[in-house]
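Geometric and topological summary
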Amino acid sequence: MNAPDRYERFVVPEGTKKVSYERDTKIANAASFTVEREDHTIGNIVRMQLHRDPNVLFAGYKLPHPLQYKILVRIHTTGQSTPTQAYNLAINDLDNELQHLKKGFEDELMRFQERHNQGY
């Protein structure tokens, strides 16, 4: 088959950055971020988190091609923050949300196991 190996979908090649940044030369406070080895799952979550930031005027993403395992995230901000600050804030907020979700899951799993061990 001509299809690439499955591992190429998620393993970042050696010497390749996970995230690269390119400033837009035509629009002030705009930039594109290329995120290697990600797809719609991460693209949509990051886009939605960026939309929560009042300093973000535009946030969108696209997959250039189905066989290229990367997403392009485009961000345009007000003068109050830069696209890099908005991207970093979105990633940190998502990390905090996922940590909270993980803790809630682990706490509930612990309660379930305790009840199960007590014979409920």
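In this text the structure is predicted, and so the values were computed from the model without any measurement.

1. So, the overall build of the chain
- Scanning the chain from terminus to terminus reveals two helices and four strands.
- In terms of overall dimensions, the chain is more spread out than a globule: its C-alpha atoms have a radius of gyration of 19 Å, far above the 14 Å expected for 120 residues.
- Viewed in the frame of its principal axes, the chain has a C-alpha envelope of about 65 × 50 × 20 Å.
- Counting all 120 residues of the chain, 22% fall into the buried class.
- Excluding contacts between residues fewer than 6 apart, the proportion of contacts in the chain whose partners are at least 24 apart in sequence is 54%.
- Taken together, the 16 basic and 16 acidic charged side chains of the chain have centroids lying 5 Å from each other.

2. Details of a nonpolar patch on the surface
- On the surface, a cluster of nonpolar side chains totalling about 330 Å² of accessible area is made up of Tyr7, Phe10 and Val11.
- Summarising the element assignment, Tyr7 is placed in the segment before β1 (19-23).

3. Re the environment of Thr84
- By secondary structure assignment, the location of Thr84 is in helix α2 (residues 83-117).
- Accessibility expressed as a relative area gives 30% for Thr84, which makes it partly exposed.
- Between the alpha carbons of Thr84 and Asn29 there is a distance of 9.4 Å; along the sequence they are 55 residues apart.
- Beyond its immediate sequence surroundings of up to four residues, Thr84 is in contact with Tyr21 and Phe33.

4. Observations regarding the nonpolar core
- Membership of the largest hydrophobic core comes to 14 residues, with the highest contact counts inside it found for Phe33, Val46, Leu50, Val56, Val73, Ile75 and Tyr87.
- Within the residue set of this core, elements represented by two or more residues are β2 (30-36), α1 (40-51), β3 (56-62), β4 (70-77) and α2.
- Broken down by element, the residue count for this core peaks at four residues, all from α2.
- With sequence-adjacent residues up to four places away left out, Val73 is seen in contact with Ala31, Ser32, Phe33, Val35, Val46, Leu50, Gly60 and Tyr61.

5. Thoughts on the sheet that holds β2
- The antiparallel open sheet is built from four strands, whose spatial order is β1-β2-β4-β3. Each having just a single partner strand, β1 and β3 make up the two edges of the open sheet. Sheet twist, expressed as the mean angle between neighbouring strand axes with direction ignored, is 20 degrees.
- Note that β3 and β4 share six bridges and pair antiparallel.

6. Things to note about α1
- Over its twelve residues, α1 runs 16 Å from end to end, which matches the ideal 16 Å to within 8%, given 1.5 Å per residue.
- Contacts from the buried residues of α1 go to β3, β4 and α2.
- At the N-terminal end of α1, a side-chain oxygen is found 3.1 Å from the backbone nitrogen of Thr41, two or three residues along, and the residue is Asp39.

Cut-offs and rules
- Residues numbered from 1 in each chain as written.
- Predicted model: local features only at pLDDT ≥ 70, side-chain atom pairs only at ≥ 80, totals over all residues.
- Heavy atoms only, no water.
- Helix = DSSP H or I, 4+ residues; strand = E, 2+ residues; numbered from the N terminus.
- Rg over C-alpha atoms; globule rule 2.2 N^0.38 Å.
- Buried < 20%, exposed > 50% of the residue type's maximum accessible area, 1.4 Å probe, protein only.
- Contact = heavy atoms within 4.5 Å.
- Lys, Arg positive; Asp, Glu negative; His and termini not counted.
- Charge placed at Lys NZ, Arg CZ, Asp CG, Glu CD.
- Patch = residues over 30% accessible without salt bridge, like charges linked within 9 Å, V, L, I, M, F, W, Y side chains within 5 Å.
- Areas by Shrake-Rupley, 256 points an atom, 1.4 Å probe, with all protein chains shown as cover.
- Salt bridge = Lys/Arg side-chain N within 4 Å of Asp/Glu carboxyl O.
- Core = buried A, V, L, I, M, F, W, Y, C linked by side-chain atoms within 4.5 Å.
- Pairing = 2+ DSSP bridges.
- Axes fitted to C-alpha atoms, helices over the stretch in contact; angles between N-to-C directions.
- Expected span 1.5 Å × (residues − 1).
- Polar contact = N/O pair within 3.5 Å; in protein donor to acceptor, adjacent residues only side chain to side chain.

Function cannot be read off these values alone, since they describe shape.
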